[in-house]
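Listed here are the chains, written in short residue letters.
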Amino acid sequence: MRTGENGFRKDEKLFLGKRKFFLKVERVLHHSFLEWFPLFEKTFFFLKKFSLELERVLHLFFYDYFSLGSLGHDEHVEVIPANRIKRFGNNVKFGITCTEVNGQLVCFKAHDRSHPKSAEIYAELDRLSNELKEYGHEYESSWITRPLKYDETIESVLCGHSEKLAIAFNFIQNPRPTFIQITKNLRVCGECHRATKLIAKIRQCEIIVRDANRIQHFYKNGLCSCQDHF
Ligand SMILES: [Zn+2]
Ligand SMILES: [Zn+2]
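Reading the values: rules and limits
- Within every chain, residues take consecutive numbers counted from 1 along the sequence as written.
- Starting at A for chains and at 1 for ligands, labels are handed out in the order in which the entities are written.
- Since the coordinates come from a predicted model, pLDDT governs what is reported: local features require at least 70, and pairs of side-chain atoms require 80 or more to be given and counted, while whole-chain, interface and lining totals use all residues.
- Excluding hydrogens and water, the side-chain figures rest on all heavy atoms present in the structure.
- Axis definition: a line fitted to C-alpha atoms, limited for helices to the stretch in contact. Angles are taken between N-to-C directions and run from 0 to 180 degrees.
- Each helix is a run of DSSP H or I of at least 4 residues and each strand a run of E of at least 2, with the numbering of both proceeding from the N terminus.
- By definition in this entry, angles of less than 35 degrees are roughly parallel, angles greater than 145 are roughly antiparallel, angles of 65 to 115 are roughly perpendicular, and the rest are oblique.
- Should any heavy atoms of two residues lie within 4.5 Å, those residues are counted as being in contact.
- Under the scheme applied, nonpolar residues are Ala, Val, Leu, Ile, Met, Phe, Trp, Tyr, Cys and Pro; charged residues are Asp, Glu, Lys and Arg; polar residues are all the others, including Gly.
- Any Lys or Arg side-chain nitrogen located within 4 Å of an Asp or Glu carboxyl oxygen qualifies as a salt bridge.
- Partly exposed describes any residue whose relative accessible area lies between the buried limit of under 20% and the exposed limit of over 50%, with all areas from a 1.4 Å probe on protein chains only and scaled to the type maximum.

Here's the deal with the packing of helix 4 (residues 118–134) against helix 7 (residues 190–202)
Following both chains from N to C, one finds helix 4 and helix 7 inclined at 90 degrees, their axes separated by 10 Å at the closest point. By the criterion of interaxial angle, the relationship of helix 4 to helix 7 is roughly perpendicular. Counted together, Leu 128, Glu 131 and Leu 132 of helix 4 and Ala 195, Leu 198, Ile 199 and Ile 202 of helix 7 form the full contact between these two elements. Classifying every residue of the contact of helix 4 with helix 7 gives six nonpolar, no polar and one charged.

Below, the structure written as structure tokens:
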């Protein structure tokens, strides 16, 4: 086998030459990555922020669109963009209901008293509950899955469900709404379904409830688009 002047074989020299070349390329790429990474990072966060804003604008657009007389076409309601509650809801185990009133997005969990207007919300819930009972609504304990605490009643537990808080909030922010939209991360319970049908009828207000399962449209005549198959 032939060897060169400095003791390396020809193929060894070739190998060392290639290795030097690749080390140089690697250094250049590494340098470029360090230099360009902050820019990529900024672009990524900008695009992320932009997509969230776009989603918000689209949500408001569809919200307004459906508020302006397009109700009754449930297949169209399906195109409402997935809003923030769904994403937020994926990370939590408890029920959360969100609603957007006058451009303000508010979320409630069951028996939530954290909102500054909490006293008004619960006063409105009392009024709603009295109206429901006047129309023959009965609160059934079968929808309660835990023992009652000493200061609770069947009515107080069921009225504290997050979807009812969100509906009550709509009525205090806008006393005569013709359209309410709420979104829950879990499935709506049968009690809230029954109560919401009656609330839509008593208050003559269309209510759209999007939950983990489907979108339901509660009409002013007291019926729901799911025809009670939910
Ligand atoms: Zn419920
Ligand atoms: Zn329904």
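Moving on from the coordinates now.
Points about the pattern of salt bridges
Opposite charge on two side chains makes pairing possible when the charged atoms of those side chains draw close. Counted under the stated rule, the structure contains 10 salt bridges. A salt bridge links Glu 124 to Arg 203, with the shortest nitrogen-to-oxygen separation between them at 2.8 Å. Separated by 79 residues along the polypeptide, Glu 124 in helix 4 and Arg 203 in the loop between helix 7 and strand 4 (206–210) bring together distant segments of the chain. The exposure class of Glu 124 is buried, given its relative accessible area of 5%. Two residues, Glu 191 and Arg 194, come together in a salt bridge whose shortest N-O distance is 3.6 Å. Linking Glu 191 with Arg 194, this pair stays in helix 7, spanning three residues, or about one helical turn. Several salt bridges converge on common partners, so that one network encompasses Glu 124, Arg 127, Glu 131 and Arg 203.

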